[in-house]
Amino acid sequence: MALSGLFLCLFLVGHLLGNLQLFVSGQQGADNFNLYAKFMTTNPIVKVLSYLTYFSIIFHMVDGLILTIQNRRARPKKYVIEKGKANSSWASRNMALLGTILLVFIATHMQNFWYVMHFGEISHYEIKGQNVKDLHHVVMSFFTPTSNSYAAFMVGFYVLSMLALAYHLHHGFVSAFQSLGLNHIKYNKIIEIVGAGFSVVVPLLFASIPLYVFIKHYL
Ligand code: HEM
């Protein structure tokens, strides 16, 4: 769980850095994003990383499910008095629920963009002799109310999913270090601070992309 989780954290950083290019306006921004998307889908090393990401998502999900079932079986009878709040956070007690929300998000998200990029009908154009797919237009129109009548709903869904991601990361990041035995009284505070920062900054920046595209339409 810990290794696949930390690998997925690295994926999130890479994915976020690429997606931040969506904030660059004008044709230059669109060209940069489309060239980047072409590189990400054709470069052989990135392709291997992509397969590793799909594998990690599936492994993390199946392992999480097995662990949840084992935990339930280990204590089939409920405690008479349960005071979870006393020594654990809400996120740590609801990792399976948060993970399920994220699974629904990832499945929907892959259909929204990944499927369209790889198998959908998407317009092409030339940049400096390179034929690129206009994925920038797909993302922009997906979150723009005049192009997609469900844009407001999708923006809400993306933002709420990022809230689930924040809580999932808040517990998961620190917990991964503990599972790997990499926690130490000397470094625990640093791991906690980095984990807290990561779990706020990454989901916030992700959520700001659909919000920005949606609000930009009204400015
Ligand atoms: C909210 C802002 C986000 C935007 C605008 C966005 C955009 C995109 C786009 C355009 C693609 C297709 C690119 C391609 O096929 O190479 C993609 C793929 C993907 N996204 Fe996102 N994404 C966002 C957030 C996330 C989050 C938070 C996760 C995970 C929790 C995620 C997981 C993935 C995965 C696993 C893929 C497939 C990557 C691959 O094929 O290597 N995305 N995303």
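Provided above is the structure to which this section pertains.
Predicted model only: the values in this text are computed from it and were never measured.

A. Local environment of the overall build of the chain. Along the chain, the regular secondary structure elements total eight helices and two strands. Secondary structure elements of the chain, listed N to C terminal, follow the sequence α-α-α-α-α-β-β-α-α-α. Seen along its three principal axes, the alpha-carbon backbone of the chain occupies a region of about 65 × 35 × 35 Å. By the burial criterion, 18% of the 219 residues in the chain qualify as buried. In the chain, of all internal contacts separated by at least 6 residues, the share reaching a separation of at least 24 is 73%.

B. Representation of the site of the ligand in the model. Residues in contact with the ligand amount to 21 residues; listed here are only the nearest, Ser50, Phe113, Trp114, Met117 and Phe206. The set of elements that each furnish at least two residues to the shell around the ligand consists of helix H1 (2-19), helix H2 (26-42), helix H3 (44-74), helix H5 (95-119), helix H6 (135-142), helix H7 (151-179) and helix H8 (188-216). The greatest single-element share of the shell around the ligand, amounting to seven residues, is contributed by H5.

C. The arrangement of the pairing of strand S1 (residues 124-127) in detail. With four bridges joining them, S1 and strand S2 (residues 130-133) adopt antiparallel strand pairing. Across the sheet, tyrosine 125 pairs through a bridge with valine 132, a residue of S2. Adjacent in sequence and paired antiparallel, S1 and S2 are bridged by two residues, among which lysine 128 carries a positive phi angle near 45°.

D. A look at H3. Its 31 residues place the ends of H3 44 Å apart at the C-alpha level, agreeing with the 45 Å of an ideal helix rising 1.5 Å per residue. Counting buried positions along H3 yields one of 31 residues, so the element is predominantly exposed.

E. Quick peek at the nonpolar core. In this structure, Met162, Ala164, Leu165, Ala166 and Leu169 are the most contacted members of the largest nonpolar core, which totals 17 residues. Only H5, H7 and H8 provide two or more residues apiece to this core. By residue number, the principal contributor to this core is H7, which donates eleven residues. Leave out the neighbours within four places in its chain, and leucine 165 touches Leu102 and Pro203. Judged by nonpolar contacts, the second largest core, of six residues, contains Leu22, Ala30, Ala37 and Leu135.

F. Main features of the environment of valine 159. Mapped onto the elements, valine 159 comes out in helix H7. You can call valine 159 partly exposed: it has 17 C-beta atoms within 10 Å. For the pair formed by valine 159 and leucine 211, sequence separation is 52 residues and the distance between their alpha carbons is 7.9 Å. Filtering out sequence-adjacent residues up to four positions away, valine 159 remains in contact with Ala207, Pro210 and Leu211.

G. Here's a closer look at H6. Of the residues making up H6, those classed as buried are Leu135, His136 and Val139. For H6, the angular spread of the buried residues around the axis is 105°, confining them to a single face. Elements in contact with the buried residues of H6: H2, H5 and S2.

Cut-offs and rules
- Residues numbered from 1 in each chain as written.
- Predicted model: local features only at pLDDT ≥ 70, side-chain atom pairs only at ≥ 80, totals over all residues.
- Helix = DSSP H or I, 4+ residues; strand = E, 2+ residues; numbered from the N terminus.
- Buried ≥ 20, exposed ≤ 12 C-beta atoms within 10 Å, placed from the backbone.
- Contact = placed C-beta atoms within 7 Å.
- Near = placed C-beta within 6 Å.
- Pairing = 2+ DSSP bridges.
- Expected span 1.5 Å × (residues − 1).
- Core = buried A, V, L, I, M, F, W, Y, C linked by C-beta atoms within 7 Å.
- Arc of directions from axis to C-beta.

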